[in-house]
Amino acid sequence: MELSPEAAASRIDALIREITEHDYRYYVLAQPILSDSEYDRLVAELRALEEQFPDLRRPDSPTQRVGGTITKDFPVALHRRPMLSLDNAYTFEELREFEQRLRRLMPQAIFSYIAQLKIDGVAVSLHYEKGVLVQGITRGDGIQGDDITPNLRTVRGLPLRLRGHAPDYVEVRGEVYMLRSDFHRLNEERSELGEPPFMNPRNATAGSLKLQDSREVARRRLRFFAYFAEAEGLPDSDWAVMDQLRLWGFPVVETSGVFSLPDVERFIIDWEKRKETLPYDIDGIVVKVDSRALRSQLGSTAKAPRWSIAYKYQPEQATTILRAITYQVGRTGYITPVAELEPVKLAGTTVKRASLYNYDEIRRLQLHIPDAVVIEKSGDIIPKVIRVVPERRPPTAKPAVPPDTCPECGSALIQPEGEVGRYCPNYKHCPPQVIGRLEHFVSRRAMNIQSLGEKILRRLYEEGLVRCFSDLYALTTDRLSSLRGFAEKMPVKIVQNIQASKQTPYPRVLYALGIRHVGETVAQKLAEAFPSIDTLRNASEADIASVYTIGEVIAKSVYAYLHDEENWSEIEKLRAAGLRFSLDFSPSKSDLPLAGKKFLITGTFQDIPRDRLIAYIEEHGGTYASGISKNLDYLVVGEEPGKAKLDKAAQLGITLLSLQELEAMVNHPIRET
């Protein structure tokens, strides 16, 4: 139905209010009442109206979170007041010395404190005028930072318009961060695309905020916690200011009540035990004088406020010897340096190797071989070289020098302008790159060709049987049976699995090709926008970049890949072999056994990962919801289910399913999928 401009304006206002309210419930209250698909429908309706009536698009519209701004250089902006760093304490004795300094400065004052989790993220300053976000600035050197407003608009949970009444001007400071789960997902995507991993969530967050394409920033799923506000009329107690921030719509960093110093110490001890239960990283506790009036009187040094200190948790570390640096070649040719260490116990495991990420990291650490090095586990998971112990360096030690040639094929390495990594350009013939692309092609999320692990693929490559994707579809049981070491039934199973993979839908085939920057989500978006490989190849870079969340970088990569004659010849061979390069081949969703039904999962399912179970539901036509609502059809219950979900499901009358009952609906076991 066509809307008048007046009716469209009214509907846009209503949609913005509704979506903003759902954002508040999700990010601040942690009480969502809408599924992801229902939320997405509201956003899609709003976006469609804004495209039809561009003059009605508002700067505080939730659609502005998807990005779209290309920034070549970030302008520098001055902070209204310096963003100072904090002094650190590593022991309770140092914490007590901090309080003694306060008492010497103000002997008559009574000090109470608040304590906050110290988020291991990136500090930013946000400026609101008449309740609307107008500017966001990085900390920079504390005096000035980069204006990254378009990128900050994409951050989840960061309100574009303040809720309720707000003063004419408000400054809010806080930390942009990344959930560990999103960090691991991002690194998995980068690994699948052959790109170097980020060192830790903070490193990934900092890199994301400086990306030039805000659409790519939006894909990184960054989040925000507020910890400071400055505006007229705020209460004296900072504890009360945190409440005001919540009322304005901000997620607020976990904050204690108003404490004495012994209470603060108990808070620190408690969170040191519990910090690994958090979904994000913290590296300590920030202790602040609660009274803002006292803060003003205490003032600051040139470096840090006198009224606050950061108690830093120390990760477990170990010292060992760096014996060598080896270099691994990824499937896109990226060369990853790896520290080969003398085995050492750390956080309950024996560590022998640690990633050095790129040569810039080696240069920063000034590594020599051999060197005594200090290592720790980032997030208690990933071994990382922290520093060298120079006083233990033997006189015969030599500086680590990066290779000039590929350690696998001998090709001269290249280092693209603006990148810290080195690459082997021989991507069509360098063995690890070819085998890596084959591994990606047959992987479960791509063509899902079972029985073809890395060892078998390497054997097939070395025997000259498989050098490209299409070679797989020319394999015969007779040829495989002639190879020594293959079990009697293995050749038959391999060929059967290869032939079965021809039923793989077009989006997964597109993902399987291993085009740089094209992960599962991007492949799905491309397939929806260009329903055949031919329409995608005939599209211009601008056409591809215009697809929601794609952008110029991905568009250039896709266009270049499809216009490489050797790549296109390979696609034609795969099409001739029977692979699906069009959505026309995909079965109708309405024909699938779970079509039209919404599912949610609670609990665990032995050896079946959650993402595999979600994929199983979606592959058979079901929709996976983000939370329990009256629109949910089934809650699939595993071991140790969440009580809150079960109670809510019972309240709403939602049907509970066991895994076996779900498999019966599909009439196909998940473990054979």
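As shown above, the structure is provided for reference.
Residues numbered from 1 in each chain as written. Predicted model: local features only at pLDDT ≥ 70, side-chain atom pairs only at ≥ 80, totals over all residues. Heavy atoms only, no water.

Every buried residue of helix H16 (residues 490-500) is accounted for by Pro-491, Ile-494, Val-495 and Ile-498. Seen end-on, H16 carries its buried residues on one side only, within an arc spanning 95°. Turning to H16, the residues buried within the fold contact helix H13 (454-462), helix H14 (469-472) and helix H15 (477-481). (Buried < 20%, exposed > 50% of the residue type's maximum accessible area, 1.4 Å probe, protein only. Helix = DSSP H or I, 4+ residues; strand = E, 2+ residues; numbered from the N terminus. Arc of directions from axis to C-beta. Contact = heavy atoms within 4.5 Å.)

Now for the pattern of salt bridges. Counted under the stated rule, the structure contains 41 salt bridges. Two residues, Glu-99 and Arg-103, come together in a salt bridge whose shortest N-O distance is 3.4 Å. A residue pair is termed a helical-turn pair when its members lie 3 or 4 positions apart in one helix, as Glu-99 and Arg-103 do in helix H3 (residues 92-105) at four residues. The exposure class of Glu-99 is buried, given its relative accessible area of 14%. For Arg-103, a relative accessible area of 38% translates into the label partly exposed. Notably, a salt bridge pairs Arg-246 with Asp-243, separated by 2.9 Å at the nearest N-O pair. Of this pair, Arg-246 and Asp-243 are both found in helix H8 (residues 238-248), three residues apart, which corresponds to roughly one turn of the helix. According to the relative accessible area criterion, Asp-243 is partly exposed, its value standing at 37%. Taken together, the shared-partner salt bridges in this structure form one network comprising Arg-81, Glu-230, Asp-238, Arg-292 and Arg-295. (Salt bridge = Lys/Arg side-chain N within 4 Å of Asp/Glu carboxyl O.)

Another point: the sheet that holds strand E10 (residues 308-312). As summarised here, the arrangement of the four strands in space is E2-E10-E9-E3, forming an open sheet in which the pairing is mixed. Because the sheet does not close on itself, it has two edges, and the strands there are strand E2 (88-89) and strand E3 (113-119). Of the pairings in the sheet, the one linking E3 to strand E9 (residues 282-289) comprises seven bridges and is antiparallel in character. Bridge assignment links Gln-116 to a residue of E9, and that residue is Val-286. Its contacts with the sheet place H3 against E2, E3, E9 and E10, and it is angled at close to 175° to E10. Across the sheet, helix H9 (residues 261-274) lies against E3, E9 and E10, angled at about 25° from E3, the strand it touches most. (Pairing = 2+ DSSP bridges. Axes fitted to C-alpha atoms, helices over the stretch in contact; angles between N-to-C directions.)

This part takes up the sheet that holds strand E20 (residues 634-637). Ordered by their spatial adjacency, four strands build an open sheet running E19-E18-E20-E21, and the pairing between neighbours is parallel. The outermost strands of the open sheet, each flanked by one partner alone, are strand E19 (623-624) and strand E21 (655-657). Where helix H24 (residues 643-652) meets the sheet, its contacts fall on strand E18 (598-602), E20 and E21, and the angle it forms with E20 comes to roughly 145°. Most of the contacts of helix H25 (residues 659-666) go to E21, to which it runs at about 95°, and overall it touches E18, E20 and E21.

As a further point, take helix H18 (residues 520-529). Three or more residues of H18 are buried, namely Val-522, Ala-523, Leu-526 and Ala-527. Buried residues along H18 cover an arc of 135° about the axis, so they all sit on one side. Check the buried side of H18 and you find it contacts helix H7 (214-219), helix H17 (506-512), helix H19 (533-538), helix H20 (541-545) and helix H21 (551-562).

Turning our eyes to something else, we now look at the packing of H3 against H9. Two numbers describe how H3 lies on H9: the axes approach to 11 Å, and their chain directions differ by 150°. One element, H3, and the other, H9, form an angle in the roughly antiparallel class. Read as a crossing pair, H3 and H9 show a hand that is right-handed. Residue-level contacts link Phe-92, Leu-95, Arg-96 and Glu-99 of H3 to Leu-261, Val-264, Glu-265, Ile-268 and Ile-269 of H9. (Parallel < 35°, antiparallel > 145°, perpendicular 65-115°, else oblique. Left-handed = near helix turned anticlockwise from the far one by under 90°.)

Turning next to the nonpolar core. Across soluble globular proteins, nonpolar side chains show a tendency to be buried alongside one another. Membership of the largest hydrophobic core comes to 55 residues, with the highest contact counts inside it found for Phe-441, Leu-452, Leu-472, Leu-526 and Leu-536. Excluding residues that lie within four positions of it along the chain, Phe-441 makes contacts with Ala-446, Met-447, Ile-449, Phe-469, Leu-472, Tyr-473, Ala-512, Leu-574 and Leu-579. Counting residues in hydrophobic clusters, the runner-up holds 35 residues, among them Phe-74, Val-155, Leu-186 and Phe-224. (Core = buried A, V, L, I, M, F, W, Y, C linked by side-chain atoms within 4.5 Å.)

Right, let's get into the pairing of strand E11 (residues 317-329). Across seven bridges, E11 lies against strand E12 (residues 335-346) in antiparallel orientation. Bridge pairing links Gln-328 to Thr-336 in E12. Here E11 hands over to E12 after five residues, with Gly-333 in that stretch at a positive phi of 90°.

Across six bridges, the pairing between E12 and strand E13 (residues 349-355) is antiparallel. By the bridge assignment, Glu-340 is partnered in E13 with Arg-353. Hairpin connection of E12 to E13: two residues between the antiparallel strands, including Ala-347 at a positive phi of 50°.

Checked against the element boundaries, Asn-200 lands in the loop between helix H5 (180-192) and helix H6 (201-209). On the basis of relative accessible area, Asn-200 is assigned to the buried category, the value being 14%. For the pair Asn-200 and Asp-120, spaced 80 residues apart in the sequence, the C-alpha separation amounts to 9.7 Å. At a separation of 3.2 Å, a polar atom in the side chain of Asn-200 contacts the main-chain amide nitrogen of Arg-202. (Polar contact = N/O pair within 3.5 Å; in protein donor to acceptor, adjacent residues only side chain to side chain.)

The subject of this paragraph is unusual backbone geometry. A cis amide bond links Ile-369 to the next residue, Pro-370, at an omega of -5°. If you check the backbone angles, Lys-130 has positive phi at about 50° while not being a glycine. Topologically, Lys-130 is positioned in the loop between strand E4 (122-129) and strand E5 (132-138). For Lys-130, a relative accessible area of 63% puts it in the exposed group.

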